[in-house]
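Understanding the architecture of this molecule
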Amino acid sequence: DMSAWLTIGLPGQAFLSGIGTIWVGIGCSLGTLLNWAGLSQRLRIYTGKLGSFTIPDFLESRYKDDTRILRLVSSILILVFMTAFIGAVAKGGAKAVEAAIGIDFFWALVITYIVIIFYTFAGGFWAVAWTDVFQALLMIIILIVMPIVGLFALKDMGGISNAINQLDPSMLDPLGGLSGIAALSFVLGYFAWIVGYPGQPHIVTRFIAVDDPRKLRRPGSIIGMLWVLIALWGAVAVGIVGAAYFSGGLADPEMVTPELAKALLPLPLAGVVIAAIMAAMMSTVDSQLLVATSAMVQDILVKLVKPTIKKDDLLKIARIGTIVIAAISFYAGMSGSKFVYWAVSFAWGCSAATFGPLLLISI
């Protein structure tokens, strides 16, 4: 769920907009709660009864669609949205590489994709699940440590407040200095992330994969919620501390996390922060690549075109499919919005509108 958007995109948005960005954190936290409390266990039980392993599998069985149209359309849409999503998230990894070794963005993106493809090939679903645990720990540590380091560098909260107040007083206002309809639009625009959570295939498939639905109750749901709350508040805090520290601005606001690390930490520790940004990117992209490849190979090729395909051939085709999806998403990463925050918002919104209402209604 929390990709380089968390370590690059959200701090960058907080750097630009100030404390009002916390509405994103509140919306994402409640969206996570909606997934855990409203969707996770019910979906896992239902997919278990139907013997479904993917979203197209589930939708076809749930609505008894003998025409196979529902499977085909949902698979194509997953393929399109996940490919766009991968391109958006990979921008964040490329920005981390760019900050670390100072090379051109194009070559930083090439390096990022080499890492992504190798990493996905080497693992598989269980490897991805376990490495995500360690990547998450690294991410949350830097999102706790970085604001604290910044606080000491700027003496105290007063130092941060004074610096931002001189920059733009509206950045200290949760409503962005707006009132009336404009303030409501400001809040709802950020808060709207809540509705996207049930519609993200790379998140929802984790619930489907759990071996026992009871594991989706406490303490798993509580751990998931605490992680998200701490991480989101930390990401917004990094952006606000960065705005105070770099009061003259940055050429790219989304570079605030790596630039703050390079400015405030010894070089080896700054390297750890940049590694955490890469970890954030990898922990989401590998899931998205697996979901997209599964839609292409399992849901379309095997289920609709050639059910008798051999297992060895399937693995080769899946790897070719992974490279094709990565190549298309590379193009998406080079084009479109240069900001990770808005590129991810677009891909997230498309997927949310397509699958969110349908999956909630289906259970």
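Coordinates for the structure precede this section.
A short tour of the structure in this document, coming up. (Residues numbered from 1 in each chain as written. Predicted model: local features only at pLDDT ≥ 70, side-chain atom pairs only at ≥ 80, totals over all residues. Heavy atoms only, no water.)

**What about the overall build of the protein?**
- When you go through the protein residue by residue, the secondary structure sums to 14 helices and zero strands.
- In the protein, the order of α-helices and β-strands from amino to carboxyl end is α-α-α-α-α-α-α-α-α-α-α-α-α-α.
- Radius of gyration (C-alpha) of the protein: 21 Å, near the 21 Å computed for a compact globule of 363 residues.
- Overall, the C-alpha framework of the protein stretches about 65 × 45 × 35 Å when taken along its three principal axes.
- Summed over all atoms, the accessible surface of the protein reaches about 16,100 Å², with 71% contributed by carbon and sulfur.
- Computed over 23 positive and 20 negative side-chain charges, the separation of the two mean positions in the protein equals 10 Å. (Helix = DSSP H or I, 4+ residues; strand = E, 2+ residues; numbered from the N terminus. Rg over C-alpha atoms; globule rule 2.2 N^0.38 Å. Areas by Shrake-Rupley, 256 points an atom, 1.4 Å probe, with all protein chains shown as cover. Lys, Arg positive; Asp, Glu negative; His and termini not counted. Charge placed at Lys NZ, Arg CZ, Asp CG, Glu CD.)

**Digging into the packing of aromatic side chains**
- Within the structure shown, the criterion is met by 14 aromatic pairs.
- Judged by centre distance (4.9 Å) and plane angle (75°), the ring pair of tyrosine 197 and tryptophan 348 falls under edge-to-face. In this pair, tyrosine 197 is assigned in the loop between α8 (180–191) and α9 (201–209) and tryptophan 348 in helix α14 (residues 340–362), connecting sequence segments 151 residues apart.
- Given a relative accessible area of 2%, tyrosine 197 falls into the buried group.
- What makes tryptophan 348 buried here is its relative accessible area of 6%.
- One aromatic cluster in this structure is built from Trp5, Phe85, Trp193, Tyr197, Tyr341, Trp342 and Trp348.
- Over the ring of tyrosine 63 we find arginine 62; its NZ or CZ atom is 4.8 Å from the centre of that ring. (Phe/Tyr/Trp six-rings, centres within 6.5 Å; stacked < 30°, edge-to-face > 60°. Buried < 20%, exposed > 50% of the residue type's maximum accessible area, 1.4 Å probe, protein only. Lys NZ or Arg CZ within 6 Å of the ring centre and 35° of its normal.)

**Describing the packing of helix α10 (residues 220–245) against helix α11 (residues 256–264)**
- One way to put it is that α10 packs onto α11 with a least axis distance of 10 Å and a crossing angle of 60°. For the element pair α10 / α11, the angle class is oblique. As α10 runs across α11, the sense of the crossing is left-handed. Each of Val238, Val241, Gly242 and Tyr245 in α10 lies in contact with α11, whose residues at this interface are Val256, Thr257, Leu260, Ala263 and Leu264.
- The class makeup of the residues in the contact of α10 with α11 is seven nonpolar, two polar and no charged. (Axes fitted to C-alpha atoms, helices over the stretch in contact; angles between N-to-C directions. Parallel < 35°, antiparallel > 145°, perpendicular 65-115°, else oblique. Left-handed = near helix turned anticlockwise from the far one by under 90°. Contact = heavy atoms within 4.5 Å. Nonpolar A, V, L, I, M, F, W, Y, C, P; charged D, E, K, R; others polar.)

**Topic: the nonpolar core**
- In terms of nonpolar packing, the biggest core is built from 97 residues, with Met2, Trp5, Leu6 and Trp227 touching the most fellow members.
- Contacts of methionine 2, omitting those with residues within four sequence positions, involve Cys28, Met139, Tyr197, Trp227, Val228, Leu232, Ala280, Ser283 and Thr284. (Core = buried A, V, L, I, M, F, W, Y, C linked by side-chain atoms within 4.5 Å.)

Keep in mind these values describe shape, not function.
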